[in-house]
Amino acid sequence: MRKFMLVAVVLAASVLPVASSASAAGVSVVHLSAPVSGLRYDQKTVHAHAGKVEIIFLNRSAIKHNVNIESGEHELGHTRTVSRGTVKVTVTLKAGKYNYYCSVPGHEDAGMHGTLIVS
Ligand SMILES: [Cu+2]
């Protein structure tokens, strides 16, 4: 057990610098936010470059929200669900049109969705 823990720590230490240098080399950052009240995002359409896309979601509301990225009905990634806080998710996307939405019941239907255009 102890040996396994040590290996895990060494792995984490050796992987992390690689991940951060990769993010310095051309990750698109997309900012989404939700207002203090209302079931919606502040952005209807956002843009990113093909490749790694980091979505940073700021929820200003006490109501819990999240961000799910999908292509058609295929889910590609999602943030944690959060109230009054910031969560992130990184997905790798080809050029195309994607949807983002909140999966908390009722929110997408109420209008909590938008379009992510990757070029
Ligand atoms: Cu929501």
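Bear in mind the structure is a predicted one, so any value in this text is a computation, not a measurement.

For the chain, the count of helices and strands is two helices and eight strands. Along its sequence from the N terminus, the chain presents helices and strands in the succession α-β-β-β-β-β-β-β-α-β. Burial analysis of the chain (119 residues in total) assigns 18% to the buried set. For the chain, contacts bridging at least 24 residues in sequence account for 56% of all contacts bridging at least 6.

Our next topic: the sheet that holds strand β3 (residues 51-59). Taking strand neighbours across the sheet as the criterion, the three strands line up as β1-β3-β6 in an open arrangement whose pairing is mixed. Sheet topology places β1 (28-34) and β6 (85-93) at the edges, where each strand pairs with a single neighbour. Direction aside, neighbouring strands of the sheet carry axes that sit 20° apart on average. Bridge count between β3 and β6: nine bridges; the pairing is antiparallel.

Attention shifts here to the nonpolar core. If you look at the biggest cluster of nonpolar residues, it comprises 16 residues, and the most contacted ones within it are Val30, Leu32, Ile55, Val67, Ile69 and Leu116. Where this core is concerned, the elements lending two or more residues are β1, β3, β7 (96-101) and β8 (113-118). If we ignore the near neighbours within four places in the chain, the residues touching Leu32 are Tyr41, Gln43, Val46, Ile55, Phe57 and Val67.

Attention now moves to the confidence of the model for the chain. Mean pLDDT over the chain: 86, with 79% of residues reaching 70 or higher. Across residues 6-24, confidence stays below pLDDT 50; counting only partners more than four residues off in sequence or on other chains, it has zero contacts.

Take the environment of Ile55 next. Here Ile55 is to be found in strand β3. Distance in space between the C-alpha atoms of Ile55 and Thr90 is 6.1 Å, their sequence separation being 35 residues.

A sheet is described by the order of its strands in space; here five strands give the open sequence β2-β8-β7-β4-β5, paired in mixed fashion. The two strands at the open ends of the sheet, each matched to only one other strand, are β2 (45-48) and β5 (74-78). Here the average twist between neighbouring strands, direction ignored, is 30°. Pairing of strand β4 (residues 68-71) with β7 involves three bridges; the strand directions are antiparallel. Looking at the pairing, Asn68 lines up with Tyr101 of β7.

Each value, and the rule that gives it
Residues numbered from 1 in each chain as written. Predicted model: local features only at pLDDT ≥ 70, side-chain atom pairs only at ≥ 80, totals over all residues. Helix = DSSP H or I, 4+ residues; strand = E, 2+ residues; numbered from the N terminus. Buried ≥ 20, exposed ≤ 12 C-beta atoms within 10 Å, placed from the backbone. Contact = placed C-beta atoms within 7 Å. Pairing = 2+ DSSP bridges. Axes fitted to C-alpha atoms, helices over the stretch in contact; angles between N-to-C directions. Core = buried A, V, L, I, M, F, W, Y, C linked by C-beta atoms within 7 Å. pLDDT = per-residue confidence, 0-100.

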